[in-house]
Amino acid sequence: MCPTAQTDVIINKENAYRFLHMLLDMGEGLFCSGAEINRIEESILKIGNCYQVQEINVFVIPAIISITLRADDNFEITQTRRIKAKNISINLKKLEQLNDICHRCQNERFTLDELDDLINKSNQQVSFWRVMFGSMLAASSFTVLFGGTLIDALISACLAVVVCFFQCKVSSFIANRIIFTFICALIIGLASGLASSYLYSFNNDKVIIGNIMLIVPGISFTVSIRDIILEDTISGSLKLIDSLFITGGLSLGILVSFLLRGV
């Protein structure tokens, strides 16, 4: 491991509040993008050590980030941030950018203004059209992977546009992710069933499976298992339970759509 390069900036009483706020922004960005607890804590500690902080302690569990910082003049401050569930979404691009900031900070001498700008740039939203194209590509690919035909893939891609619209435009109005997942699954089942009433040359089950993959909490489930393996048992267990409840909402949505269609 390369040695940590310290910057010329010294954290004291005058800039401790601002620096701590940036560390919380970094932690929140990592948490909301799908990072595991160990990665969040290590990233914050690495950045804090780059700025000649006497002591820094980080405590992260689902929904809460708490940081205690002791500055150069023995000034000590603690701040806690509550992370809302509706702000959590898997964003691997943002996660990669924040990891890159952490690694660069160890080798380059960033001022606080430069560090703040880098963190703010990572918050730029991906355009809706790129997300929609990715959703169409993912849904159609999974449909073919599970044995669907080209016609199935095309119908699955069209249905993915509806799912993507709900994820990007409607999710902010529904705070409970379990209910939101239930609604998305219900729409997938009903829309696919409606299409099957007019088109008889496609496999309804393959289309449903392809679009379900857009809302399955697979990464969240994997991160929860990794947290448990890294001995963050409480955090991993809470994430695991959350993933299972979301999966239950997904299954219930598909089941209700079948019942409404009389299948």
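Coordinates for the structure precede this section.
The present account deals with the structure reproduced in this document. (Residues numbered from 1 in each chain as written. Predicted model: local features only at pLDDT ≥ 70, side-chain atom pairs only at ≥ 80, totals over all residues. Heavy atoms only, no water.)

## Description of helix 9 (residues 218-229)
Okay, so step 1: For helix 9, built from 12 residues, the straight-helix expectation of 16 Å at 1.5 Å per residue is met to within 8% by its first-to-last C-alpha distance of 17 Å.
Okay, so step 2: Listed in full, the buried residues belonging to helix 9 are V223, S224 and D227. Projected down its long axis, helix 9 shows its buried positions confined to an angular sector of 105 degrees, all on one face. Exposed side chains of helix 9 directed beyond 90 degrees from the buried face belong to T222 and I229.
Okay, so step 3: In this fold, the buried residues of helix 9 make contact with helix 2 (37-50) and helix 10 (233-261).
Okay, so step 4: Just downstream of helix 9 lies E231, where phi reads positive at about 70 degrees. (Helix = DSSP H or I, 4+ residues; strand = E, 2+ residues; numbered from the N terminus. Expected span 1.5 Å × (residues − 1). Buried < 20%, exposed > 50% of the residue type's maximum accessible area, 1.4 Å probe, protein only. Arc of directions from axis to C-beta. Contact = heavy atoms within 4.5 Å.)

## Re a nonpolar patch on the surface
Okay, so step 1: A cluster of nonpolar residues, L145, F146, I209, M213 and V216, forms a patch on the protein surface that exposes about 410 Å² of accessible area.
Okay, so step 2: Within the secondary structure layout, I209 lies in helix 8 (residues 204-212).
Okay, so step 3: For I209, a relative accessible area of 31% gives the class partly exposed. (Patch = residues over 30% accessible without salt bridge, like charges linked within 9 Å, V, L, I, M, F, W, Y side chains within 5 Å. Areas by Shrake-Rupley, 256 points an atom, 1.4 Å probe, with all protein chains shown as cover. Salt bridge = Lys/Arg side-chain N within 4 Å of Asp/Glu carboxyl O.)

## Topic: the pattern of salt bridges
Okay, so step 1: Applying the stated criterion to the full structure yields 13 salt bridges.
Okay, so step 2: A salt bridge links D242 to R177, with the nearest nitrogen and oxygen atoms 2.4 Å apart. One end of the pair, D242, is in helix 10; the other, R177, is in helix 7 (residues 177-198), and 65 residues separate them in sequence.
Okay, so step 3: Its relative accessible area of 27% is what places D242 among the partly exposed residues.
Okay, so step 4: Taking the relative accessible area as the measure of exposure, R177 reaches 23% and is therefore partly exposed.
Okay, so step 5: Salt bridges sharing common partners tie together R18, D113 and D116.

## Here we look at the packing of helix 1 (residues 16-33) against helix 3 (residues 92-107)
Okay, so step 1: At a closest axis distance of 9 Å, the pairing of helix 1 and helix 3 adopts a crossing angle of 145 degrees. Here helix 1 runs over helix 3; the crossing is left-handed. On helix 3, the residues that touch M26, G29, L30 and S33 of helix 1 are K94, L95, L98, N99 and I101.
Okay, so step 2: A breakdown of the residues in the contact of helix 1 with helix 3 according to their chemical character gives five nonpolar, three polar and one charged. (Axes fitted to C-alpha atoms, helices over the stretch in contact; angles between N-to-C directions. Left-handed = near helix turned anticlockwise from the far one by under 90°. Nonpolar A, V, L, I, M, F, W, Y, C, P; charged D, E, K, R; others polar.)

## Let's talk about the packing of aromatic side chains
Okay, so step 1: Using the criterion set out here, one finds five aromatic pairs in the structure.
Okay, so step 2: Between the aromatic rings of F142 and F146, the centroid separation amounts to 6.4 Å while the plane-to-plane angle is 25 degrees, which identifies the pairing as stacked.
Okay, so step 3: Judged by its relative accessible area of 39%, F146 falls in the partly exposed class.
Okay, so step 4: A centroid spacing of 6.2 Å and a plane angle of 80 degrees characterise the contact between F165 and F166, whose relative ring orientation is edge-to-face.
Okay, so step 5: Against the face of F128 rests K169, its NZ or CZ located 5.1 Å from the ring centre. (Phe/Tyr/Trp six-rings, centres within 6.5 Å; stacked < 30°, edge-to-face > 60°. Lys NZ or Arg CZ within 6 Å of the ring centre and 35° of its normal.)

## Remarks on the state of the cysteines
Okay, so step 1: Evaluation of the coordinates by the stated rule reveals zero disulfides.
Okay, so step 2: This cysteine, C164, is not joined by any disulfide, and C168 carries the nearest cysteine sulfur, 3.9 Å off.
Okay, so step 3: Residue class for C164 comes out buried when judged on its relative accessible area of 0%. (Disulfide = S-S within 2.5 Å.)

## Focus: the side chain of K239
Okay, so step 1: Structurally, K239 is set in helix 10.
Okay, so step 2: A relative accessible area of 14% means that K239 is categorised as buried.
Okay, so step 3: Among all residues touching K239, those that are not within four sequence positions of it are F31, A35, E36, I37, P62, V223, S224 and D227.

## Focus: the packing of helix 5 (residues 128-145) against helix 8
Okay, so step 1: At a minimum axis distance of 7 Å, the contact between helix 5 and helix 8 shows a crossing angle of 135 degrees. When the axis of helix 5 is compared with that of helix 8, the two are oblique. In this structure, helix 5 crosses over helix 8, and the sense of that crossing is right-handed. Here A139, F142 and T143 of helix 5 lie close against helix 8, whose contacting residues are K206, V207, G210 and N211.
Okay, so step 2: Here the contact of helix 5 with helix 8 is built from residues that sort into three nonpolar, three polar and one charged. (Parallel < 35°, antiparallel > 145°, perpendicular 65-115°, else oblique.)

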